[in-house]
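Residue-level structural notes
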Amino acid sequence: MKALVAVKRVIDYNVKVRVKADHSAVDLTNTKMSINPFDEIAVEEAVRLKEAGVIDEIIVASIGPKESQEQIRSALALGADRGILVQTEDKAYPLQVAKILKSIAETEGTEIILLGKQAIDDDNNQTGQMLAALMGAPQGTFASKVVVEGNEVKVTREVDGGLQTVALDLPAIITTDLRLNEPRYAKLPNIMKAKKKPLDEKTPADFGVDMTSKQQIIQVEPPADRKAGIKVGSVDELVDKLKNEAKVI
Ligand code: AMP
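This section reports on the structure supplied with the text. (Residues numbered from 1 in each chain as written. Predicted model: local features only at pLDDT ≥ 70, side-chain atom pairs only at ≥ 80, totals over all residues. Heavy atoms only, no water.)

**What to know about the overall build of the chain**
The secondary structure content of the chain amounts to 6 helices and 11 strands. When the backbone C-alpha atoms are referred to their principal axes, the chain occupies close to 65 × 40 × 40 Å. Within the chain, the fraction of its 249 residues that count as buried is 41%. Of the contacts formed within the chain by residues at least 6 apart in sequence, a portion of 69% connects residues at least 24 apart. Put simply, the chain shows about 14,200 Å² of open surface, and 50% of that area lies on carbon and sulfur atoms. Across the chain, the 34 positively charged side chains and the 38 negatively charged ones have centroids separated by 3 Å. (Helix = DSSP H or I, 4+ residues; strand = E, 2+ residues; numbered from the N terminus. Buried < 20%, exposed > 50% of the residue type's maximum accessible area, 1.4 Å probe, protein only. Contact = heavy atoms within 4.5 Å. Areas by Shrake-Rupley, 256 points an atom, 1.4 Å probe, with all protein chains shown as cover. Lys, Arg positive; Asp, Glu negative; His and termini not counted. Charge placed at Lys NZ, Arg CZ, Asp CG, Glu CD.)

Spelled out as structure tokens, the structure:
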């Protein structure tokens, strides 16, 4: 059985985001970029399924600028077998990404398709769901446990106030939540080996996908600066301020 894992190149989650002076987008100049954290969890889950003998081959795909091959190589160092970079300088919106992933999944015959629940740059939480709709395949979103049994996969989902387990016929789409696993660190020998693993370069046109979007980002604002805190002299003063200034008690 083959697995497809979608990995997006995003600004590293430790980096303080700067907005461009014209407020058109986030400024990515000289910024550390990484695999989207939920996609790292997706890669880890695929590697664990391979180690358990459930999956034979893991393909990772990324749609984005040429530099996205760094994130594909990181996934290969974690244990994926080969990569596909779909290179584009256009902004990759969820629908276009889902169309490309559908084409890859169908051509490669991948039965387990893992994505992050959301990309931490645009926070769309849409691509997995769109992919499932386009493929007419079942989906298990916000997965915290994945068990493949014969021709189906049982996915435990994190829902409000609890857990829900669903059984999906394969091929199935799974989107990962934070508690699914803790990704391993790549070991140096594996980073070296990853440099030799196959990485195909494609373009959206190879999949017949037009990257023009009907959606456009018109403005990006940074979060408001937090006000400085104050020190109070006593518990009574604190209670008074909470009651009469903040009006929260
Ligand atoms: P989103 O719907 O944008 O929040 O993204 C959800 C998931 O879709 C991500 O965690 C990735 O697994 C996948 N994804 C989104 N955009 C891309 C991309 N450009 N390349 C590869 N995977 C992507």
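**Quick look at the site of the ligand**
Taken together, 18 residues lie around the ligand, and Asp39, Ile63, Ala119, Asn125 and Thr127 are the ones closest in. With the chains in place, 99% of the 480 Å² that the ligand exposes on its own is no longer accessible. For the shell around the ligand, the secondary-structure elements that each account for two or more residues are β4 (57-64) and β6 (112-116). For the shell around the ligand, the element with the most residues is β4, which contributes 3 residues. Across the shell around the ligand, the residue classes break down as 8 nonpolar, 8 polar and 2 charged. (Near = heavy atom within 4 Å. Nonpolar A, V, L, I, M, F, W, Y, C, P; charged D, E, K, R; others polar.)

**Some details on the packing of aromatic side chains**
For the structure shown, the criterion picks out 0 aromatic pairs. The ring of Tyr93 carries Lys91 above its face, with NZ or CZ at 5.8 Å from the centroid. (Phe/Tyr/Trp six-rings, centres within 6.5 Å; stacked < 30°, edge-to-face > 60°. Lys NZ or Arg CZ within 6 Å of the ring centre and 35° of its normal.)

**Describing the pattern of salt bridges**
Evaluation of the coordinates by the stated rule reveals 20 salt bridges. Asp122 is paired through a salt bridge with Lys91; the nearest N and O atoms lie 2.7 Å apart. Taken as a pair, Asp122 in the loop between β6 and α4 (127-135) and Lys91 in the loop between β5 (82-87) and α3 (94-108) lie far apart in primary sequence, 31 residues in all. For Asp122, a relative accessible area of 28% translates into the label partly exposed. Taken together, the shared-partner salt bridges connect Lys2, Glu57, Arg82 and Glu108 into one network. (Salt bridge = Lys/Arg side-chain N within 4 Å of Asp/Glu carboxyl O.)

**Regarding α4**
If you check which residues of α4 are buried, you get Thr127, Gly128, Leu131, Ala132 and Met135. Axial view of α4: buried residues confined to an arc of 135°, hence all on one face. Elements in contact with the buried residues of α4: α3, β6, β7 (139-149) and β10 (172-176). Once α4 ends, the next one or two residues include Gly136, with phi positive near 65°. (Arc of directions from axis to C-beta.)

**Side note on a nonpolar patch on the surface**
A contiguous nonpolar patch, built from Val235, Val239, Val248 and Ile249 and spanning about 380 Å² of accessible area, is present on the exposed surface. Here Ile249 lies in the segment after α6 (235-244). (Patch = residues over 30% accessible without salt bridge, like charges linked within 9 Å, V, L, I, M, F, W, Y side chains within 5 Å.)

**Remarks on the pairing of strand β1 (residues 2-6)**
Within β1, 4 of the 5 residues are buried, which leaves the element mostly enclosed by the surrounding structure. The sheet contact formed by β1 and β4 spans 5 bridges and is parallel. Directly across from Leu4, in β4, lies its bridge partner Ile59. Alignment of β1 against β6, held across 3 bridges, turns out to be parallel. Residue Ala3 lies in a different strand from β6, and its bridge partner there is Ile112. (Pairing = 2+ DSSP bridges.)

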